[in-house]
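Notes for the structure review
Listed here are the chains, written in short residue letters.
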Amino acid sequence: MASLSPLSLILLFLTPSLLLTTPHVQAQSAPSPSPSPLNLTGILDKAGQYTTLIRLLGTTEVGSQITNQLNNSNQGLTLLAPTDNAFNNLKTGTLNGLSQQQQVALLLYHVLPQFYSMESFKTVSNPVRTQATGNDGGLYNLNFTTSANQVNVSTGIVETQINNALRSQPPLAVYQLDVVLLPLDLFGAKPPASAPPPSSTVKKSPSTSAGSSGSPSASENTPANGGGLGRSGGWSLFFGVGLMVLGSVF
């Protein structure tokens, strides 16, 4: 049997190691898959008790707006999500009494334009802007207060506690609310309507208008009455003279 040369022996020992390392190198060079986009509706649906909020997010297209912003923003978003019971506790006809634009403003009032953890609410500077701030010239701000580990949010009309987090990882935080946040801009007391300005037209009094219309006055009636008295006095004088003539004859 012919002996192997030193070069052949080296190739014989290196070939298995090359076969084992080559797939490993290829696996490391493969690109990592891109993260899937966040599905806000899926988060709410998985948590349950958010059917009304999901419906409103769809009919107003606010859900699509939030998704687009999450995929194109570095600051993230925070959603304060009212439960079905929160919407059911509203006064009957509250939602139906709002226009489409007002419903959009109400939903955006529950969205903060950046990611907030529960800890960050303790150091937030009030008032806090929402996604509805500036809509139709309104303020649509919120105020947050903390006590120990409890965080409360106030609109000026209602105040409630922020409960458990459905999600609290950047870029999206979703917190449960047991009350619908009612903004002052939509549900606050409206100022009374201003009184109409006084009319500048001056009304004429009946006496003035009667005088100007040429109606006869009391002084104008006096000669007419006097004329009647003069005629009766003339007849009396005539009968008196007749009686004197008859007396002289007899």
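Let us look at the structure shown here. The structure displayed is predicted, hence computed values, not measured ones.

So, the nonpolar core
- In terms of nonpolar packing, the biggest core is built from 49 residues, with Leu44, Phe144 and Ile162 touching the most fellow members.
- In this structure, leucine 44 is in contact with Tyr50, Leu53, Ile54, Leu57, Leu79, Ala81, Leu166 and Val174, ignoring residues within four places of it in sequence.

Examining the environment of threonine 133
- Along the chain, threonine 133 turns up in the loop between strand S2 (111–112) and strand S3 (143–147).
- When its relative accessible area of 17% is taken as the criterion, threonine 133 is described as buried.
- Along the backbone, threonine 133 and alanine 105 are 28 residues apart, and their C-alpha atoms lie at a distance of 8.7 Å.
- Every residue in contact with threonine 133, bar those within four places of it in the chain, is listed here: Gly138, Leu139, Tyr140 and Asn141.
- Within the structure, the side chain of threonine 133 is placed 2.8 Å from the backbone nitrogen of threonine 130, a separation counted as a polar contact.

What to know about the side chain of threonine 83
- Along the chain, threonine 83 turns up in the loop between strand S1 (77–82) and helix H5 (84–88).
- If we ignore the near neighbours within four places in the chain, the residues touching threonine 83 are Gln49, Tyr50, Gln176, Leu177 and Asp178.

Considering the packing of helix H2 (residues 40–47) against helix H3 (residues 51–59)
- As a packed pair, H2 and H3 sit with axes 9 Å apart at the nearest point and diverge in direction by 160 degrees. In this view, H2 runs roughly antiparallel relative to H3, as classed from their interaxial angle. Crossing of H2 against H3: the hand is left-handed. Of the residues in H3, those touching H2 at Leu40, Thr41, Leu44 and Asp45 are Leu53, Ile54 and Leu57.

Brief notes about unusual backbone geometry
- Cis geometry is adopted by the peptide bond preceding proline 127, which originates at asparagine 126 and carries an omega value of -5 degrees.
- Within the secondary structure, proline 127 sits in the loop between S2 and S3.
- Cis geometry marks the peptide bond from proline 170 to proline 171, where omega comes out at 10 degrees.
- Here proline 171 is to be found in the loop between strand S6 (165–169) and strand S7 (172–177).
- Of note, the phi angle at glutamate 61 is positive, near 65 degrees, even though the residue is not glycine.
- Looking at where glutamate 61 falls in the secondary structure, it is placed in the loop between H3 and helix H4 (62–72).

Some points on the side chain of glutamine 103
- Mapped onto the fold, glutamine 103 is located in helix H6 (residues 100–108).
- Accessibility expressed as a relative area gives 14% for glutamine 103, which makes it buried.
- What glutamine 103 contacts, discounting residues up to four positions off in sequence, is Leu56, Thr60, Leu95 and Leu98.

Observations concerning the environment of valine 128
- Residue placement: valine 128 occurs in the loop between S2 and S3.
- Considering only alpha carbons, one finds valine 128 and asparagine 143, 15 residues apart in sequence, at a separation of 6.1 Å.
- When residues no more than four places from it in sequence are discounted, the contact partners of valine 128 are Leu112, Tyr116, Asn141, Leu142 and Phe144.

Some points on the packing of aromatic side chains
- Within this structure, the stated rule accounts for four aromatic pairs.
- With 5.8 Å between their ring centres and 65 degrees between their planes, phenylalanine 121 and tyrosine 175 make a pair best called edge-to-face. Taken together, the positions of phenylalanine 121 in the loop between S2 and S3 and tyrosine 175 in strand S7 put the pair 54 residues apart, joining distant regions of the chain. For the pair phenylalanine 121 and tyrosine 175, a shared accessibility class is recorded, and that class is buried.
- An aromatic cluster is built from Tyr116, Phe121, Phe144 and Tyr175, whose rings are joined through pairwise contacts.

A short note on H6
- For H6, the full list of buried residues reads Gln103, Val104, Ala105, Leu106, Leu107 and Leu108.
- Residues of H6 that are buried make contact with H3, H4, S2 and helix H7 (184–187).

Conventions we followed
Residues numbered from 1 in each chain as written. Predicted model: local features only at pLDDT ≥ 70, side-chain atom pairs only at ≥ 80, totals over all residues. Heavy atoms only, no water. Core = buried A, V, L, I, M, F, W, Y, C linked by side-chain atoms within 4.5 Å. Buried < 20%, exposed > 50% of the residue type's maximum accessible area, 1.4 Å probe, protein only. Contact = heavy atoms within 4.5 Å. Helix = DSSP H or I, 4+ residues; strand = E, 2+ residues; numbered from the N terminus. Polar contact = N/O pair within 3.5 Å; in protein donor to acceptor, adjacent residues only side chain to side chain. Axes fitted to C-alpha atoms, helices over the stretch in contact; angles between N-to-C directions. Parallel < 35°, antiparallel > 145°, perpendicular 65-115°, else oblique. Left-handed = near helix turned anticlockwise from the far one by under 90°. Phe/Tyr/Trp six-rings, centres within 6.5 Å; stacked < 30°, edge-to-face > 60°.

As far as function goes, none of this settles anything; it's purely spatial.
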